[in-house]
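If you want the building blocks of each chain, they are given just below.
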Amino acid sequence: MHQGKATEEQSDVHIALYDRHISALLPYLTRLMTSRQDVEDVLFDVFAAALTSQTFAHLTDEQQRAWLYRVARNKAIDHYRHHTALTIVPMEETWDNQDEEPTPEQRFLRQECHAFLHEAIAQLSPLQQQLIHLRYQENMRLVDIAACFQKPDGTVRKMLARTLKQLRTLYERQEKGGNHEAI
């Protein structure tokens, strides 16, 4: 009877761990991977790793979250490496096709960088987001942006420089796993 109660408590701990982190990990992996089945497989591996880790239970909530994201990223990369078909091509052909198609790992890393960038931009103020949008998506010149904002060119140039510096800091924090609450 005592054995059943211990197993029940363990099950409750596992469910609580899953409930606490699934709402952030699922969208994160969904942005990185194309197949829903692959996402579910990686999620299973991530939680299995957490439950078998000797140190995971002793980490703070923030450290656990960072640990889970790091493991999720690594498991996703491993998944792409192991599920990519290996093709043997003569050396001469590789020189011709060198810059054409990115590898699955390169595509994955590019997707991850884009996800980090979008998350970092979402943390900027609406004015900063608009500034980034006008400059880099609409390809507007600073003079034209200054006219839209009805501000001097120098002011807009400084605003853009500060915004890019803040964006770089936010992006690096996302990349290092330090702030995944917006995910």
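Residues numbered from 1 in each chain as written. Predicted model: local features only at pLDDT ≥ 70, side-chain atom pairs only at ≥ 80, totals over all residues. Heavy atoms only, no water.

The subject of this paragraph is the overall build of the protein. For the protein, the helix and strand inventory stands at eight helices and zero strands. The linear arrangement of helices and strands in the protein, starting from the amino end, is α-α-α-α-α-α-α-α. Put simply, the protein has 183 residues, and 31% of those count as buried. Put simply, of all contacts in the protein between residues at least 6 apart along the chain, 63% involve residues at least 24 apart. Here the protein displays about 12500 Å² of accessible surface, and carbon together with sulfur accounts for 53% of that area. (Helix = DSSP H or I, 4+ residues; strand = E, 2+ residues; numbered from the N terminus. Buried < 20%, exposed > 50% of the residue type's maximum accessible area, 1.4 Å probe, protein only. Contact = heavy atoms within 4.5 Å. Areas by Shrake-Rupley, 256 points an atom, 1.4 Å probe, with all protein chains shown as cover.)

What follows covers the environment of His114. Summarising the element assignment, His114 is placed in helix 5 (residues 104-122). When the C-alpha atoms of His114 and Tyr171 are compared, they prove to be 10.0 Å apart, with 57 residues separating the residues in sequence.

The tally for this structure, following the rule as stated, stands at four salt bridges. Two residues, Glu40 and Arg36, come together in a salt bridge whose shortest N-O distance is 3.4 Å. Residue Glu40 and its partner Arg36 are located together in helix 2 (residues 36-52), separated by four residues, close to a single helical turn. Arg73 serves as the salt-bridge partner of Glu112, at 2.7 Å between the closest nitrogen and oxygen. Linking Glu112 in helix 5 with Arg73 in helix 3 (residues 61-83), this pair joins segments that are 39 residues apart in sequence. Assessed through its relative accessible area of 27%, Arg73 is described here as partly exposed. (Salt bridge = Lys/Arg side-chain N within 4 Å of Asp/Glu carboxyl O.)

Moving on: the nonpolar core. In terms of nonpolar packing, the biggest core is built from 42 residues, with Leu25, Leu29, Met33 and Ile145 touching the most fellow members. Looking at this core, the elements with two or more residues in it are helix 1 (2-32), helix 2, helix 3, helix 5, helix 6 (126-137), helix 7 (142-149) and helix 8 (153-176). It is helix 3 that contributes the most residues to this core, eight residues altogether. Each residue touching Leu29, except ones within four places of it in the same chain, is listed here: Val39, Val42, Leu43, Ala72 and Ala76. (Core = buried A, V, L, I, M, F, W, Y, C linked by side-chain atoms within 4.5 Å.)

As a further point, take unusual backbone geometry. With a phi close to 55°, Gln150 is a non-glycine residue in the positive phi region. By the element assignment, Gln150 lies in the loop between helix 7 and helix 8. Take Gln150: its relative accessible area is 74%, and that puts it in the exposed class.

Here the focus is the side chain of Glu112. Residue Glu112 is classed as buried on the basis of its relative accessible area, which comes to 3%. Look past the residues within four positions of Glu112 in its chain and what remains in contact with it is Tyr28, Leu32 and Arg73.

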